[in-house]
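# Architecture and fold: a report
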Amino acid sequence: MKLLCVASFGGHWVQLKRLATLLDAEELTFVSTDAGQHHGAAYYLEDFSIRELWRGVRQLPRALRIVRRSGADVVLSTGAAPGLLMLFAGFVLGKKTVWVDSIANSKRLSLSGRAAGFFASRVLTQWPELAGSRVHYLGRLL
Amino acid sequence: MKVMFTAGTQFAFPRMAEVVQGVARLQPEWALVFQAGPGATLETFTEFSNVQAAELFTADRFQEFFDAADLVVTHAGMGNIIACLEHGKPCMLLPRQARLGEHRNDHQIDTARAITQRYPVPVFNDTASLAAAVLAPANWPVGLKDAPSQMVTARAEFTKGLNQLLQVL
């Protein structure tokens with residue numbers, strides 16, 4: 001199985017890197033933001049917030065290209081908005097998609113996580129009390 | 001005592017700098033290290049011979065200081081928090097607040113709240129109470145020694161769940 005793992009640079013990226021070490025996949029490809037600040041990813045997007053939707057929409061062609069070129073079967077993200085965009089691109093191209101909400105969201109799922117709920121194959125929370133019919137709890141990183 | 005203070009790698013954090021100065025003044029014997037963040041005003045630290053301050057340390061230097069520290073005082077950045085928990089390092093958090101212009105939003109407050117629910121990591125909202133806590137080693141957080149093994153257990157369960165999920169999707 002080939003996985004495309006996506007996270008914005010910072011806390012989401014830290015969680016993604018830890019998560020990646022747990023996954024049993026034949027190939028992992030990383031996508032991130034802030035190309036100038038690190039070299040850990042194969043592809044980069046411009047960072048944006050979910051409240052600036054147009055900046056995401058503008059990058060959709062790029063996101064679609066990344067999914068195609070990576071040959072991934074599954075797109076997985078720990079956040080934030082750029083991860084949601086990549087998940088959407090994966091969904092459009094018929095790939096499986098998994099959202100892992102940040103451990104920081106202990107009271108309520110993030111806005112991006114709630115948006116992912118409309119199309120993602122699976123939405124995961126790291127807090128059992130936030131699990132429900134559309135959001136699942138399988139465990140946590142911390 | 002060796003105490004490491006860190007404001008992360010993105011921006012300066014004047015409130016953290018205040019705490020470092022307060023502790024440096026009252027505990028001249030302690031060895032303090034402060035990663036102050038890009039754009040920080042470091043001139044104020046020249047009067048303290050017991051403080052090594054820099055905007056950013058190299059990764060190797062940072063690791064050296066981190067390993068030697070008896071206590072790490074950090075902004076609520078996920079990278080530093082996870083590092084402390086993985087190494088069982090006693091730590092205290094001062095989350096950045098958006099209303100003080102310390103970050104774009106209040107996600108550090110959410111992060112700190114989430115962490116403190118699962119691990120004995122104290123969170124402070126103001127510099128006076130943080131400085132007082134740092135100055136009282138007898139009351140520093142204990143119990144972080146178990147954090148690494150707790151985390152291994154948590155991740156083992158998550159690994160199992162995730163890999164099963166990837167098979168059945």
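For the structure itself, consult the block above.
So, here is what we can say about the structure in this document.

About the criteria used
Residues numbered from 1 in each chain as written. Chains lettered and ligands numbered in written order. Predicted model: local features only at pLDDT ≥ 70, side-chain atom pairs only at ≥ 80, totals over all residues. Heavy atoms only, no water. Contact = heavy atoms within 4.5 Å. Buried area = accessible area lost by both parts, 1.4 Å probe. Salt bridge = Lys/Arg side-chain N within 4 Å of Asp/Glu carboxyl O. Polar contact = N/O pair within 3.5 Å; in protein donor to acceptor, adjacent residues only side chain to side chain. Helix = DSSP H or I, 4+ residues; strand = E, 2+ residues; numbered from the N terminus. Disulfide = S-S within 2.5 Å. Phe/Tyr/Trp six-rings, centres within 6.5 Å; stacked < 30°, edge-to-face > 60°. Lys NZ or Arg CZ within 6 Å of the ring centre and 35° of its normal.

## Side note on the interface of chain B and chain A
Opposite the 26 residues of chain B that make contact, chain A presents 31 residues. Buried area between chain B and chain A, summed over both chains or domains, comes out near 2,800 Å², and the portion from carbon and sulfur atoms is 67%. Considering only the side of chain B, the residues that lose the most area to chain A are B:R118, B:F158 and B:L169, jointly responsible for 27% of the buried surface there. Here chain B is connected to chain A by 1 salt bridge. Notably, a salt bridge pairs B:E86 with A:R18, separated by 2.7 Å at the nearest N-O pair. On inspection of chain B and its partner chain A, the count reaches 6 residue pairs in polar contact (both at pLDDT 80 or more). When residues of the side of chain B that touches chain A are traced back to their parent elements, those giving at least two are helix 3 (78–87), helix 4 (107–118) and helix 6 (147–168) of chain B. Ranked by the residues each element gives to the side of chain B that touches chain A, the list is headed by helix 6 of chain B, at 12 residues.

## A word on the state of the cysteines
If you walk through the whole model with that rule in mind, you get 0 disulfides over all chains. For the unlinked cysteine B:C84, the closest cysteine sulfur is that of B:C91, found at 4.1 Å.

## Focus: the packing of aromatic side chains
All chains considered together, the criterion is met by 7 aromatic pairs over all chains. Ring pairs connect the aromatic residues A:F88, A:F91 and A:F119, which therefore count as one cluster. For the cation-ring pair, A:K17 lies above A:F30, with the distance from its terminal atom to the ring centre recorded as 4.3 Å. The lysine or arginine in question, B:K89, covers the ring of B:F66, its NZ or CZ lying 5.5 Å from the ring centre.

The analysis is restricted to geometry; functional conclusions fall outside its scope.
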